[in-house]
Protein chains: 2
Amino acid sequence: MEEREIKSEDVPEDLETLGGRGLTSTIVSDEVPPGCHPLGPHNKLVIAPGIVTGTDAPTSGRVSVGGKSPLTGGIKEANAGTSFAQILGKLGIKALVVEGQSENGYQLLRMGNDGADLMDADDWSGIGLYEAYDELYDKFGEDVGVCGVGIAGEMNGANSGVAFNDVEGMPSRYAGRGGLGAVMASRGLKFIVADSEGAPGVEIRDEETFRKGRKKLADALREHDVTKPGGALNSYGTDVLINIINEVGGLPQRNFSGGQDERSSNVSGEEKAEQIKNRGGERPHHCSPGCVIRCSEVWTKQEGKDPVGVLEYESVWALGPNCGIYDLDTIGELNRACNDLGLDTIEAGNTIAVAMEGRVAEFGDGDKALDLMEEIREGTPLGRILVNGTEFAGKAFGVTRVPTVKGQALPAYDPRAIKGIGVTYATTPMGADHTAGYAIATEVMGVGGEADPLKTKGKAELSRNLQQSTAVIDSTGYCLFTAFAVLDIPEGLEGMVDTVNGVLGTDLTTDDIPEIGQQILDTEREFNRAAGLTKEDDRLPEFMREEELPPHNEVFDIPTEELDKVFES
Amino acid sequence: MEEREIKSEDVPEDLETLGGRGLTSTIVSDEVPPGCHPLGPHNKLVIAPGIVTGTDAPTSGRVSVGGKSPLTGGIKEANAGTSFAQILGKLGIKALVVEGQSENGYQLLRMGNDGADLMDADDWSGIGLYEAYDELYDKFGEDVGVCGVGIAGEMNGANSGVAFNDVEGMPSRYAGRGGLGAVMASRGLKFIVADSEGAPGVEIRDEETFRKGRKKLADALREHDVTKPGGALNSYGTDVLINIINEVGGLPQRNFSGGQDERSSNVSGEEKAEQIKNRGGERPHHCSPGCVIRCSEVWTKQEGKDPVGVLEYESVWALGPNCGIYDLDTIGELNRACNDLGLDTIEAGNTIAVAMEGRVAEFGDGDKALDLMEEIREGTPLGRILVNGTEFAGKAFGVTRVPTVKGQALPAYDPRAIKGIGVTYATTPMGADHTAGYAIATEVMGVGGEADPLKTKGKAELSRNLQQSTAVIDSTGYCLFTAFAVLDIPEGLEGMVDTVNGVLGTDLTTDDIPEIGQQILDTEREFNRAAGLTKEDDRLPEFMREEELPPHNEVFDIPTEELDKVFES
């Protein structure tokens, strides 16, 4: 970036079969000094579509973003579903590596089949992403994909995501976690606009294998109760989980001080779908073209206009029940503010909840929560606290009940009520992240087997197996939700592997998945070790081992020795 | 604290020969879970006078404070020179261990020869320590010693020291570093008032050995150029170093962006002594009774009244040149604010400098710096950022040039110009701390040998040797400044060991010092390891390896392998 130089390089042979998370983590591991300052000159931002992304494989529009995280101090991969991912794939780009730091203000990288160039982007500095995305789509045409960072990233905030366009061209699809927005902004890169016009498309080395696999996977997705049209995700979006997890007693309320509240149903997927319908909104919907599941939806204001973009389960929970807020319109506005500022909603909701515990606001005060978002926009000292995330806010406000692992805030499942997910929170190289090994599938939804959420036994193994397979799925470009189907339907999993073999010309089998996944995890864990993280960082916060969570009145009691066994066996 | 229970226990046999730092670090290591939240229920605050403290051994009025640090996340010992230390010693108290967390507001512990009791201290919450100390001395009499925490500790600030009385009864003697004030405040303990009336005095098992040793040490202190009456420290106080270190090119200016500025002489010890004299102030002076060196002084306002307490070199530098401020009156007021709020001056000055780099104020703007102190007093969001120290402020304001190791701010010697001290900053278990292995003595003052400050060779060994002997001195209760004499005069060192043998009834020799010191360091390093710190934490900040420091235009270039050898050989 300091030279404003764009170089195109052939893919080195040893990286040829990688994609998505496997590729970003390998490049970060190879090229970023683990001890470097995440916002200094030596960090890099790596953006890579999945292996099959850009093909017509179903539900495969994912893009991974990697770098050293300013939030966790370790390696980070965050991914999003967006047409931007597919455009990169169609352009034949395996990865973008953003290096150095601009000395000429913010830049916009425009790329297409005709090449790439950098242009000045300072005009968009300091304005909200909804407005910026509108202007960018006006300027570059409605078919482009847009990746960008908001005010939060410009503030070097440890809570700052990388925004991607949704299908309406709004900045509502996020590689949100771990502060990668600040990594991008501190390179001096504000936006990437990608155009697929004239793009050659993804090279598929074995069309027949690919086509067969594609069909097997699509069939599985259309068959499984969770993923099929009219199934749980399609009917109510991810927010269908609100009632389910509340029922289980694991939906964190008011900064993880309870696991259940009857008002949660006010913000459930069922309620949301009803309101969108009543207000004339559009649903179901998809995050990127070619999805079979279509779990996304467009939240719609009372007046039926000015859509916010999707309200996902995690966002509804973080900005809702975890802050004592049980009103979808308020949550919608909070989510819009996060999207507009470039914040990860999970981190932002946890930060507000911790601030509420620190008496910055009362739990349930949605107006004040919205005011807090404006503090960030204005760059006030309070905003500077909040933009740095949950652990930071906890220190600032003297709060010791801070739900973080490796500095990253916990998602929407309390590990005292659903214990396997706690093993994932603790041990994934990413900091607390449900998507890294979604034990909820098995513990609550009975997918891929069954396990009592309150029991401790076998949870280390469950988490490890899921972390391995997830690392592979995050590399393929398939949405993690395809796992619901392929964990239960062997032909679906075979189909997934077939499509990968089709694209790469490899002959992988489903038996290879654990080892490939473990290799990715090993790469990530070695980076973290070299960055100074230890098994002492693989721990849930102290209060979760000591403070009982109603209604089950359980603590997190999986022995630390079990946590350490996840990656030592 | 939660039971308001005071227990007196005999000293276990294995702790009998320990004191000061050796004792606090051993108790913390034995009793505090390394992974605990520093401000949660499991941390403890340990206060221990040195082995000879309370006797009439010269210059031995030190008290150590230990606990898990909220600033570094590791073990912490900070010590101060104060009559409070001597009162503890005379009362026959080896250590105070403060456990649990009060559920009844802030408490005051009163202790004397007649026993101890807790009383409500909420009346003093939220007010400045100068006012509180005045009231406490009115209430308890002028001969007591007072230990306390200020508003910074009450805010759970990671920059919050433990204050002790000076000989005027002002809160100007600090065990400042590492946030132990917040550890004390979060126990619910606001003040300790100790009364030596009727105290039995320190038990001396071998009076003759003690007396002989005492004389040998006193003679050495009176002979050495640095420590003798009329010598460097006695004539100009610690602030004598301003001109010396500025001359060497290692006096950090404006957040470590230069190593020399001619205006530094405006705040030198020579200038300070002159002004105190002209204003009718008192000097030289001592921090605690029985000191031969008498390097302390009472800064005096223009009107000749309202003494601030001592202005030490580190404080003058941190609040002065490092903020671009070259005016002793302004620095005096800033130091007064730190004392009043309960802040460590080194950390506070660095925090202001980083905030200035983050454009919160201009370098050199003393009025604004004073305003920032009031932000802390008022508990504003900006104050909450500043009270959490330098690294925290760096994150808040998006600054990447942040001079910290293990989260603790660097003292007044730039390691690019004086490289041995950089080894100490990097490798001491305490976070950046010059007192942990004061290589300046050898590199600049030619004490204990000579070494070129700009050369890298031999600095690992120099730092290790000094860290070992310092750990022992910090345990004896002797002021670190006795080291100037005993490093050069073998009889002085023998005398020091004789006094320890006299008190303990042991037969240690000077040859035992390295091993005893290493044992203490090993205990501390093992705690840190178990708390999750690694050799990756034994590093100076990235910018110091890359950005040249004028006037020598050097970077810190001691290889990391050398740093790792300090404790591996």
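Residues take numbers from 1 onward in each chain, read along the sequence in its written order. Chain labels run from A onward and ligand labels from 1 onward, assigned in the order the entries are written. The model is predicted, so local features are restricted to residues of pLDDT at least 70 and side-chain atom pairs to those at 80 or more, both for listing and for counting; the totals for chains, interfaces and linings are taken over all residues. Excluded from the side-chain calculation are hydrogens and water; included are all heavy atoms of the structure.

Going by what an unreviewed UniProt entry lists, chain A is known as Aldehyde:ferredoxin oxidoreductase and is assigned to candidate division MSBL1 archaeon SCGC-AAA259B11. UniProt positions are given in the numbering used here, feature names are shortened, and annotations may be inferred rather than shown by experiment. Turning to chain A, the UniProt annotation filed under Sequence similarities (unreviewed entry) states: "Belongs to the AOR/FOR family."

**Structural notes on the overall build of chain A**
Here a helix means four or more residues in a row that DSSP labels H or I, a strand means two or more in a row labelled E, and each is numbered from the N terminus. Counting secondary structure elements, chain A contains 23 helices and twelve strands. Projected onto its principal axes, the C-alpha coordinates of chain A cover approximately 60 × 50 × 50 Å. Here the term buried applies to any residue with accessible area under 20% of the maximum for its type, exposed to any over 50%, and partly exposed to those in between, with areas from a 1.4 Å probe on protein chains only. Each of the 569 residues in chain A was classed as buried or not, and the buried ones make up 64%. The contacts in chain A between residues at least 6 apart in sequence include a share of 70% that link residues at least 24 apart. Carbon and sulfur atoms make up 43% of the accessible area of chain A, which amounts to about 19300 Å² in all. Residues are treated as being in contact if the distance between any of their heavy atoms lies within 4.5 Å. Computed with the Shrake-Rupley method and a 1.4 Å probe, the accessible areas treat only the protein chains shown as cover for residues.

**As for the pairing of strand 6 (residues 115–120) of chain B**
Sheet analysis places strand 5 (residues 107–112) of chain B next to strand 6 of chain B, joined by six bridges and oriented antiparallel. Among the inter-strand pairings, Arg110(B) is bridged to a residue of strand 6 of chain B, identified as Asp117(B). One requirement defines pairing of two strands: DSSP has to find at least two bridges between them.

**Here we look at the relation of the copies chain A and chain B**
Taken together, a rotation about one axis and a shift along it account for how the two chain copies relate. The fit set for superposing copies consists of C-alpha atoms from residues with pLDDT of at least 70 in both; the fit itself is least squares. Relative to chain B, chain A is turned by 180° and slid 0.0 Å along the rotation axis, the superposed coordinates differing by an RMSD of 0.0 Å. Taken together, the rotation and translation describe the operation of a two-fold axis. Every residue of chain A has its C-alpha some distance from the rotation axis, and the shortest such distance is that of Pro381(A), at 2.8 Å. A symmetric contact is evident, with 100% of the interface residues of chain A recurring at the interface of chain B.

**Some remarks on the packing of aromatic side chains**
All names here are of chain A. Pairing of aromatic rings covers Phe, Tyr and the six-membered ring of Trp, with a centre-to-centre limit of 6.5 Å; geometry is then stacked below 30 degrees between planes, edge-to-face above 60, and tilted otherwise. In this structure the tally under the stated criterion is 17 aromatic pairs over all chains. Between tyrosine 313 and tyrosine 413, the ring centres sit 5.5 Å apart and the planes meet at 45°, which makes this aromatic pair tilted. Here tyrosine 313, found in helix 10 (residues 313–319), pairs with tyrosine 413, found in the loop between strand 12 (408–409) and helix 16 (419–427); they are 100 residues apart in sequence, far enough to count as distant. Aromatic side chains tyrosine 438 and phenylalanine 484 sit 6.1 Å apart centroid to centroid with 80° between the ring planes, which places their arrangement in the edge-to-face category. With tyrosine 438 in the loop between helix 16 and helix 17 (440–443) and phenylalanine 484 in helix 19 (residues 482–488), this residue pair connects regions lying 46 residues apart in the sequence.

**Side note on the sheet that holds strand 6 of chain B**
Residues and elements named next belong to chain B. Pairing in this open sheet of six strands is mixed, and the strands run 6-5-10-7-8-9 from one edge to the other. Edge strands, defined here as strands with exactly one partner in the open sheet, are strand 6 and strand 9 (173–175). Averaged over neighbouring strand pairs, the angle between their axes works out to 20° when direction is ignored. Note on geometry: axes are lines fitted to C-alpha atoms, helical ones only across the stretch in contact, with angles between N-to-C directions running from 0 to 180 degrees. Most of the contacts of helix 2 (residues 83–90) go to strand 7 (residues 145–148), to which it runs at about 110°, and overall it touches strand 5, strand 7, strand 8 (162–164) and strand 10 (189–194).

**Overview of the interface of chain A and chain B**
Contact residues are listed per partner, giving 28 residues for chain A and 28 residues for chain B. Every case where a carboxyl oxygen of Asp or Glu lies within 4 Å of a side-chain nitrogen of Lys or Arg is listed as a salt bridge. There are zero salt bridges connecting chain A and chain B. Pairing of N or O atoms within 3.5 Å defines a polar contact, subject to two protein rules: one partner must be a possible hydrogen donor and the other a possible acceptor, and residues neighboring in sequence count only if both atoms are side-chain atoms. Between chain A and chain B we count ten residue pairs in polar contact (both at pLDDT 80 or more) in total. Considering every element that reaches the side of chain A that touches chain B, the biggest residue donor is helix 14 (residues 381–386) of chain A, with four residues. The nonpolar class holds Ala, Val, Leu, Ile, Met, Phe, Trp, Tyr, Cys and Pro. Asp, Glu, Lys and Arg form the charged class, and all remaining residues, Gly among them, are polar. In terms of residue class, the side of chain A that touches chain B is made up of twelve nonpolar, ten polar and six charged.

**So, the pattern of salt bridges**
This model, assessed by the stated rule, comprises 76 salt bridges over all chains. Lys190(B) serves as the salt-bridge partner of Glu154(B), at 2.5 Å between the closest nitrogen and oxygen. Residue Glu154(B) is located in helix 4 (residues 151–154), and its partner Lys190(B) is located in strand 10; the two are separated by 36 residues in the primary sequence. We classify Lys190(B) as buried; its relative accessible area is 0%. A single network of salt bridges, built from pairs that share partners, joins Glu357(A), Arg401(A), Asp414(A), Arg416(A) and Glu547(A).

**What to know about the domain arrangement of chain A**
All names here are of chain A. For the domain bounds, the source is a domain assignment made automatically or taken from a database. The domains assigned to chain A are domain 1 (13–194) and domain 2 (237–414). Every contact between the two is made by 36 residues of domain 1 and, on the other side, 41 residues of domain 2. As a working definition, buried area equals the accessible area (1.4 Å probe) given up by two parts on being put together, with both sides summed. Surface buried jointly by domain 1 and domain 2 totals about 2900 Å² across both partners, of which 51% is contributed by carbon and sulfur atoms. Summed over the shared surface of domain 1 and domain 2, the result is three salt bridges. Note that arginine 177 is salt-bridged to glutamate 347, the shortest N-O span being 3.4 Å.

**Observations regarding helix 16 of chain A**
Residues and elements named next belong to chain A. Within helix 16, nine of the nine residues are buried, which leaves the element mostly enclosed by the surrounding structure. Among the residues of helix 16, Lys419, Gly420, Ile421, Gly422, Val423, Thr424, Tyr425, Ala426 and Thr427 are the ones counted as buried. Considering only its buried residues, helix 16 is in contact with strand 11 (404–405), helix 17, helix 18 (459–476), helix 21 (513–530) and helix 23 (560–565).

**Focus: the side chain of Arg187(A)**
Residues and elements named next belong to chain A. Mapped onto the fold, arginine 187 is located in helix 5 (residues 180–187). In this charge count, Lys and Arg are treated as positive and Asp and Glu as negative; neither His nor the chain ends contribute. No salt bridge is formed by the buried arginine 187, whose closest oppositely charged neighbour, glutamate 2, lies at an N-O distance of 7.7 Å. A polar atom in the side chain of arginine 187 sits 2.9 Å from the backbone oxygen of glycine 40. Ignoring anything within four residues of it in the chain, the contact list for arginine 187 reads Met1, Pro38, Leu39, Gly40, Pro41, His42, Asn43, Val98, Gly100, Gln101 and Ser102.

**So, the side chain of Ser69(B)**
You can see Ser69(B) is positioned in the loop between strand 2 (62–68) and strand 3 (75–81). Reaching out from Ser69(B), the side chain makes a polar contact with the backbone oxygen of Gly178(B) at a distance of 2.7 Å.

**A short note on the packing of helix 1 (residues 20–31) of chain A against helix 18 of chain A**
All names here are of chain A. Direction vectors running N to C along helix 1 and helix 18 enclose 95°, while the axes themselves pass 4 Å from each other. Taken together, the axes of helix 1 and helix 18 are roughly perpendicular relative to one another. Residue-level inspection shows Gly20, Arg21 and Gly22 of helix 1 in contact with helix 18, the latter providing Thr470, Ala471, Asp474 and Ser475. Per-class residue counts for the contact of helix 1 with helix 18 are one nonpolar, four polar and two charged. Comment on the angle field: the value is read as roughly parallel under 35 degrees, roughly antiparallel over 145, roughly perpendicular from 65 to 115, and oblique elsewhere.

**Description of the sheet that holds strand 7 (residues 145–148) of chain A**
Note on sheets: strands pair through backbone hydrogen bonds, and any given pair is parallel or antiparallel. Residues and elements named next belong to chain A. A sheet is described by the order of its strands in space; here six strands give the open sequence 6-5-10-7-8-9, paired in mixed fashion. Every other strand in the sheet has two partners, leaving strand 6 (115–120) and strand 9 (173–175) as the edge strands with one partner each. Adjacent strand axes in the sheet meet at a mean angle of 20° when their direction is disregarded. Of the strands in this sheet, strand 5 (107–112), strand 6, strand 7, strand 8 (162–164), strand 9 and strand 10 (189–194) touch helix 3 (residues 129–140), which is tilted by about 145° from strand 7.

**Topic: the environment of Tyr425(B)**
Residue and element names in this part refer to chain B. With respect to the helices, strands and loops of the structure, tyrosine 425 is situated in helix 16 (residues 419–427). What makes tyrosine 425 buried here is its relative accessible area of 0%. The spatial distance from the C-alpha of tyrosine 425 to the C-alpha of serine 463 is 9.4 Å, given a sequence separation of 38 residues. The residues contacting tyrosine 425, other than those within four sequence positions of it, are Val405, Leu410, Pro411, Ala412, Tyr413, Pro415, Gly431, Ala432, Asp433, His434 and Leu540.

**Observations concerning the nonpolar core**
Met373(A), Phe397(A), Tyr413(A), Met373(B) and Tyr413(B) are the most contacted members of the largest nonpolar core, which totals 223 residues. Those residues in contact with Met373(A), other than ones at most four positions away along the chain, are Leu319(A), Leu334(A), Ala337(A), Cys338(A), Leu341(A), Leu343(A), Ala348(A) and Ile352(A). Each nonpolar core is a collection of buried residues, namely Ala, Val, Leu, Ile, Met, Phe, Trp, Tyr and Cys, held together in the definition by side-chain atoms within 4.5 Å. Grouped together as the second largest cluster of nonpolar side chains are 46 residues, Leu118(A), Ala121(A), Leu129(A) and Phe140(A) included.

**Description of a negative patch on the surface**
All names here are of chain A. Each patch is built from residues lacking any salt bridge and having more than 30% relative accessible area; the joining distance is 9 Å for like charges and 5 Å for nonpolar side chains (Val, Leu, Ile, Met, Phe, Trp, Tyr). Lysine's charge is taken at NZ, arginine's at CZ, aspartate's at CG and glutamate's at CD. There is a patch of like negative charges on the surface, built from Asp120, Asp122, Asp123, Glu131, Asp134, Glu135 and Asp138. Looking at the negative patch element by element, the count peaks at four residues for helix 3. Inspection of the secondary structure assignment puts glutamate 135 in helix 3.

**A look at the environment of Ser463(B)**
Residue and element names in this part refer to chain B. Looking at where serine 463 falls in the secondary structure, it is placed in helix 18 (residues 459–476). Judged by its relative accessible area of 0%, serine 463 falls in the buried class. Along the sequence, serine 463 and isoleucine 440 sit 23 residues apart, while their C-alpha atoms lie 9.9 Å from each other. Sequence-distant contacts of serine 463, that is, excluding residues within four places in its chain, are made with Gly420, Val423, Thr424 and Thr427.

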